[in-house]
Amino acid sequence: MSEVISTALEENRTFTPPTTHAASIPNMDAYHALCKRFADDFDSTWRDLANEHLEWRKPFTRTLNRENAPFFRWFEDGSLNLSENCLDRHVRAGLGERTAILWEGEAGEVRKISYAALLADVCRAANSMRQLGVEAGDRVVIYMPMIPEAAIAMLACTRIGAVHSVVFGAFSPQALRDRIEDAGAKLVVTADGGSRRGSIYPLKSNVDLALSEGCRSITHVLVVAHAGNKTETIAGRDIDWHQALRVQASTCEPLAVESEQPLFILYTSGSTGKPKGILHSTAGYLLWARLTMLWSFDFKPQQDVFWCTADIGWITGHTYTLYGPLCCGGTTLMYEGVPTYPDAGRVWKICEAHKVSILYTAPTAIRALKKAGDAWPEKYDLSSLRVLGTVGEPINPEAWIWYHQVIGKQRCPIVDTWWQTETGGHMIAPLPFATPTKPGSATFPLPGIDIAVVDKHGKTIRDGGGLLVIKQPWPSMLRGIWNDNQRYIDTYWRTFNNRYYFAGDGARIDREGYCWIMGRVDDVLNVSGHRLGTMEIESALASHTSVAEAAVVGRPDEIKGEAICAFVVLKRADSENLTLPLRAHVTQAIGAIAKPDDIHFVESLPKTRSGKIMRRLLRDIAAGREITQDISTLEDQAVIRQLQKQP
Ligand code: WTA
């Protein structure tokens, strides 16, 4: 763990929320009352919410089992089916004709899929998966573009109790292989390709490459024909999605699974080289997906069009493109392309065309759209918008103010939501029609969430920088790391002796109780809202034949939040410029999102006498800052002079 950033953000402007709405939590009194209910009776408040908001096949008898902490169990003995909660129950309630998924492709094509039609497709896909031998508990890897079939595949898994693991489509074949092998998946669902900036990127051929070595657990690959991209078909293994579904029945009895049945594994970066499979389970996750939709977005399923711009390959896409909106019975918008294609007006054009009322995106996108100029949003009618959300990284006050003024016309509350893959859903976020907001602060914890900022001994820090912890379990918390219980304990619980969940972020709570997230305190980078481990990139670099050693740090970037900066020591002083080959090598090992922005070739890396790379020093150099670290422990003082000579 490196140092905590202790520079306090000074931002004192406060924005009072509009109060005209009959919001699900309409004011701060209601918020405090709900918090008090949790404080007075934690378990029974969760019990009541779970009974009220989910449809159970068998009621649970125990709300929270702490006996084997930190392996908590929620809503034990209950059973339910997730797809039934997201689909059948709305169809039964007469909402079958309501649009569940509103999809727009990059070329502008639009598909509207009603709840009834989605249910039928999910059943067909579930039947098809079953026929291919997928059973409850089996893992299915989904490697797809942002198309409705990705959502259908995910929901189909939940229908039969299979565990999905979605791998972001921009990950390389090698990264895909690592994930397939770690998950021990039986089936891959993919597409022939996806559209991005007017061209087609490969998916199925990446799957072929991934499966060319190892991956023995895979028996079949279901391939959605989407992009008109010709790909090879391996007889006996590869099956055409549309053909397979066509012959299946449009009904499939939802399998009632236990509350704690694993729902999905989602790989995310940590501070070691190997990505970790974050494991979520069914009931608790779904409950929080639904409650946070209602609380932090004030989602009104009968009227809202909700657009979360995150790809389904990230947790934000799981919870807020898919499960949250559908569990509430509302309309979710899915867009396949990039937000600035064919021009910087695309996001606003989509908002106008589909009357988007809640927009949820990352600060990096807001900064890029802001930079493109106000003329773009001004060309479109944005009057349908009523709530604007942000996620993934700290939002700088300038971007916040722009979002509020230029996009929200000062009418729309901004909800800056702090959470993680591990938390399943929002943890700290304003309530749009209750919480007075300050630009750059995620404000207060949601009801039921118990957070604190502490020093490294676990002592609470008031009005100063410290480590963000969560003091009580919550229903949508990760249940572990797939196949690695020890790593789960070591990463999240050991720091504070199993008492608190350690989030890995630095934070400050100001005098008025507002929480300011200050970024990761471990070796995790946040590049354009994408989470990447420095060690992962380092080991990718070090696997190149010419590289002796590499260190990767982040440096501030105006648009991306953080840029990737690599310091590389070559085996022999090469005259050949290896910048491009090394970037290509990282792209191959992980994916283009992990490609270093800067590569500095150096003779050696600054290390302490005990051999630890002095990352803070490298961060200062990467950012062109004055060196703040005490370098007296630096083993070879000459290194510093060489590093400072770097451009
Ligand atoms: C960062 C994304 C500041 C944080 C949902 C966290 C944020 C990591 C915010 C998790 C926010 C997320 N303000 N920082 N509103 N939201 N983060 O797992 O460092 O991809 O630990 O989950 O993103 O990233 P992940």
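Description of the structure in this document. (Residues numbered from 1 in each chain as written. Predicted model: local features only at pLDDT ≥ 70, side-chain atom pairs only at ≥ 80, totals over all residues. Heavy atoms only, no water.)

**Description of the sheet that holds strand 17 (residues 331-335)**
- Pairing is mixed across the open sheet formed by seven strands, whose spatial order is 5-4-17-16-18-19-20. Looking at the sheet topology across the chains shown, the edges are occupied by strand 5 (110-114) and strand 20 (414-417). Recorded for the sheet is a direction-independent mean angle of 20° between the axes of neighbouring strands.
- Pairing between strand 18 (residues 358-361) and strand 19 (residues 387-391): four bridges, direction parallel. From the neighbouring strand, Leu359 faces strand 19, where its bridge partner is Leu388. (Pairing = 2+ DSSP bridges. Helix = DSSP H or I, 4+ residues; strand = E, 2+ residues; numbered from the N terminus. Axes fitted to C-alpha atoms, helices over the stretch in contact; angles between N-to-C directions.)

**What about the environment of Thr491?**
- Following the sequence through the fold, Thr491 ends up in helix 15 (residues 485-493).
- With 148 residues separating them in the primary sequence, Thr491 and Val639 have C-alpha atoms 32 Å apart.
- Here Thr491 is in contact with Lys276, Ile481 and Phe502, once residues within four sequence places are set aside.
- Within the structure, Thr491 has its side chain in polar contact with the backbone oxygen of Arg487 (distance 2.5 Å). (Contact = heavy atoms within 4.5 Å. Polar contact = N/O pair within 3.5 Å; in protein donor to acceptor, adjacent residues only side chain to side chain.)

**Section: the site of the ligand**
- Around the ligand, a shell composed of 17 residues is seen, among which Asp416, Thr417, Thr421, Asp505 and Arg531 lie nearest.
- At 2.8 Å, a side-chain N or O of Arg520 approaches an oxygen atom of the ligand.
- Within the side chain of Asn526, an N or O atom sits 3.3 Å from an oxygen atom of the ligand.
- Considering the ligand on its own, with 520 Å² of exposed area, one finds that the protein chains cover 97% of that surface.
- Contributions of two or more residues to the shell around the ligand are made by helix 10 (315-328), strand 20 and strand 25 (515-520).
- Split into classes, the residues belonging to the shell around the ligand amount to six nonpolar, six polar and five charged. (Near = heavy atom within 4 Å. Areas by Shrake-Rupley, 256 points an atom, 1.4 Å probe, with all protein chains shown as cover. Nonpolar A, V, L, I, M, F, W, Y, C, P; charged D, E, K, R; others polar.)

**What about the packing of aromatic side chains?**
- Under the defined criterion, the tally for this structure stands at 36 aromatic pairs.
- Ring centres of Phe15 and Trp400 lie 4.9 Å apart, and the angle between their planes is 45°; this geometry places the pair in the tilted category. Remark: Trp400 occurs in helix 14 (residues 397-407) and Phe15 occurs in the segment before helix 1 (28-40); sequence separation between them is 385 residues.
- Aromatic side chains Phe38 and Trp46 sit 4.8 Å apart centroid to centroid with 55° between the ring planes, which places their arrangement in the tilted category. Here the two residues Phe38 and Trp46 agree in accessibility, since each one is buried.
- Among the aromatic residues, those joined into a ring-pair cluster are Phe38, Phe42, Trp46, Trp56, Phe60, Trp74, Phe75, Trp288 and Trp295.
- Taking the ring centre of Phe171 as reference, the NZ or CZ of Arg179 above it sits at 4.4 Å.
- The side chain of Arg499 reaches across the aromatic face of Tyr500, ending 4.6 Å from its centre. (Phe/Tyr/Trp six-rings, centres within 6.5 Å; stacked < 30°, edge-to-face > 60°. Buried < 20%, exposed > 50% of the residue type's maximum accessible area, 1.4 Å probe, protein only. Lys NZ or Arg CZ within 6 Å of the ring centre and 35° of its normal.)

**Details of the packing of helix 9 (residues 282-296) against helix 10**
- As a packed pair, helix 9 and helix 10 sit with axes 8 Å apart at the nearest point and diverge in direction by 85°. Compared by their axis directions, helix 9 and helix 10 come out roughly perpendicular. Contact residues: helix 9 offers Tyr285, Leu286, Ala289, Arg290, Thr292, Met293 and Leu294, while helix 10 offers His318, Thr319, Tyr320, Tyr323, Gly324, Pro325, Cys327 and Cys328.
- Residue classes in the contact of helix 9 with helix 10 are distributed as 10 nonpolar, four polar and one charged. (Parallel < 35°, antiparallel > 145°, perpendicular 65-115°, else oblique.)

**Comments concerning unusual backbone geometry**
- With an omega of 5°, the peptide bond running from Ala69 to Pro70 counts as cis.
- If you trace the backbone, Pro70 turns up in the loop between strand 1 (62-65) and strand 2 (73-76).
- A cis amide bond, omega -5°, links Tyr341 with the succeeding residue Pro342.
- Along the chain, the position of Pro342 falls in the loop between strand 17 and helix 11 (346-354).
- If you check the backbone angles, Gln410 has positive phi at about 65° while not being a glycine.
- Within the secondary structure, Gln410 is located in the loop between helix 14 and strand 20.
- With a relative accessible area of 54%, Gln410 lands in the exposed category.
- Backbone geometry at Asn497 places phi at a positive 50°, although glycine is not the residue there.

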